[in-house]
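# A closer look at the structure
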Amino acid sequence: MEAIQLEIKEQSAFSSDIERINAEIIELVENYVIDESFLIPENEIGIFKNKEEEISNILGINLSEEQDWLWNKILIPNRTKHYYHLRYLSSKQAAHIANLRFTSSPKSFIFLIENENSFFLIWETYETSEATYIWKLESDIEDQLLIEIESLVTKIKLLKQGNKRTYLNTNPINFKKIEHDYNHEDFGFSKWEIQFKNFVGISSY
């Protein structure tokens, strides 16, 4: 039997709907997926890395090439009250010890910062004006440190339910609350940074 030879010809198609898909539309879709994906149950706290992988699978982002893509999409000055604060904290995250965590209601992030032989857990909001909460952890041994972190994460879940005043009235030790001052172009970051460094023992020079 004589073999049948197939000839592949180039094809093209045009559609008014396809033509309306541009960079602006793609960005709107990305922002929608990101915003909706961070709507977790009110009392839950998620792992940012897990959410990063979930969103990258939805949008087809290659994490090996775009590791900071999601963080850069979230941290846009006109989308957050604490752009400079969150940028600063993320640059110091002790990722070798613990993953960055996030919450909703309010949307916020929980960082672990290491300075010499001391560790600090920081809770910073994203788009609301709550103060920064900082705890100095008592241990520097990893296993004990992780247990202490989980205990504070549980405490943050309770504080998210409206128990902050009761907690502050106990005058907790190894704790610092930094109020935000928005009367400057940097949303009070410079003033905040001085107080932060004084508490965690980071030199300003």
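Predicted model only: the values in this text are computed from it and were never measured.

By size, the foremost hydrophobic cluster in this structure holds 31 residues, and its most contacted members are Phe48, Phe109, Phe111 and Phe196. Among all residues touching Phe109, those that are not within four sequence positions of it are Phe48, Trp71, Ile74, Leu86, Leu100, Arg101, Phe102, Ile122, Trp123, Glu124 and Tyr126. Formed by 22 residues, the second largest nonpolar core is a distinct cluster that contains Ala98, Leu159, Tyr167 and Phe175.

This part covers the packing of helix α5 (residues 83-91) against helix α8 (residues 189-200). The interhelical angle for the contact between α5 and α8, taken along N-to-C directions, is 35°, at an axis separation of 9 Å. Note on packing geometry: the crossing formed by α5 with α8 is right-handed. Across the interface between the two elements, Tyr84, His85, Tyr88 and Leu89 of α5 pack against Phe189, Trp192, Glu193, Phe196 and Lys197 of α8. Taken together, the residues of the contact of α5 with α8 break down into six nonpolar, one polar and two charged.

Moving on, we get to the side chain of Gln93. Along the chain, Gln93 falls in the loop between α5 and β2 (101-103). Setting aside its immediate chain neighbours within four residues, Gln93 contacts Ala98, Asn99, Leu100, Ile110, Phe111, Leu112 and Ile113.

An order of β1-β2-β3-β4-β5-β6 is seen for the six strands of this open sheet, with the pairing classed as antiparallel. Both edges of this open sheet fall to β1 (45-47) and β6 (175-178), since each of them pairs with a single strand only. Taking the axes of each pair of neighbouring strands and ignoring which way they run, one obtains an average angle of 25° across the sheet. Here strand β3 (residues 108-115) runs beside strand β4 (residues 118-125); their pairing, made up of eight bridges, is antiparallel. When the bridges of β4 are listed, Ile113 appears paired with Phe120.

Before going further, it helps to spend a moment on the packing of aromatic side chains. Any pair of aromatic rings gets described here by the distance separating the centres and the angle formed by the planes. For the structure shown, the criterion picks out 19 aromatic pairs. Ring plane angle 90° and centroid distance 5.4 Å describe the contact between Phe48 and Trp71, whose orientation is recorded as edge-to-face. Taken together, the residues Phe48 in helix α3 (residues 48-59) and Trp71 in helix α4 (residues 69-74) connect sequence positions 23 residues apart. Accessibility expressed as a relative area gives 6% for Phe48, which makes it buried. On the numbers, 6.0 Å between centres and 85° between planes, the contact of Tyr88 with Trp192 is edge-to-face. Of this pair, Tyr88 sits in helix α5 while Trp192 sits in helix α8, and the two are 104 residues apart along the sequence. Note on accessibility: Tyr88 and Trp192 belong to one class, buried. Taken together, the ring pairs in this structure connect Tyr83, Tyr84, Tyr88, Phe189, Trp192 and Phe196 into an aromatic cluster. The ring of Tyr182 has Lys81 sitting right over it, with the charged end atom 4.9 Å from the ring centre.

Time to look at the pairing of β3. Of all eight residues in β3, seven are buried; the element is thus mostly enclosed. In this sheet, β3 lies alongside β2 in antiparallel orientation, the contact comprising three bridges. Across the sheet, residue Thr103 finds its bridge partner in β3, namely Ser108. Hairpin connection, β2 to β3: the antiparallel pair is bridged by four residues, and Ser105 has positive phi, about 50°.

Looking at the second largest pocket, its volume works out to about 160 Å³. Forming the boundary of the second largest pocket are Trp135, Lys136, Leu137, Glu138, Glu148, Ser151, Leu152, Lys155, Tyr167, Ile173 and Asn174. Breaking the lining of the second largest pocket down by element, the ones donating at least two residues are β5 (132-136) and α6 (142-159). In terms of residues, the lining of the second largest pocket owes the most to one element, α6, which gives four residues. For the lining of the second largest pocket, the per-class residue count stands at five nonpolar, two polar and four charged.

The rules behind each value
Residues numbered from 1 in each chain as written. Predicted model: local features only at pLDDT ≥ 70, side-chain atom pairs only at ≥ 80, totals over all residues. Heavy atoms only, no water. Core = buried A, V, L, I, M, F, W, Y, C linked by side-chain atoms within 4.5 Å. Buried < 20%, exposed > 50% of the residue type's maximum accessible area, 1.4 Å probe, protein only. Contact = heavy atoms within 4.5 Å. Axes fitted to C-alpha atoms, helices over the stretch in contact; angles between N-to-C directions. Helix = DSSP H or I, 4+ residues; strand = E, 2+ residues; numbered from the N terminus. Left-handed = near helix turned anticlockwise from the far one by under 90°. Nonpolar A, V, L, I, M, F, W, Y, C, P; charged D, E, K, R; others polar. Pairing = 2+ DSSP bridges. Phe/Tyr/Trp six-rings, centres within 6.5 Å; stacked < 30°, edge-to-face > 60°. Lys NZ or Arg CZ within 6 Å of the ring centre and 35° of its normal. 1 Å grid on protein atoms, 1.4 Å probe; cavity = no way out; pocket = protein on both sides within 12 Å on 5 of 7 lines; lining within 4 Å. Points joined across faces, edges and corners; volume = space filled by probe spheres on them.

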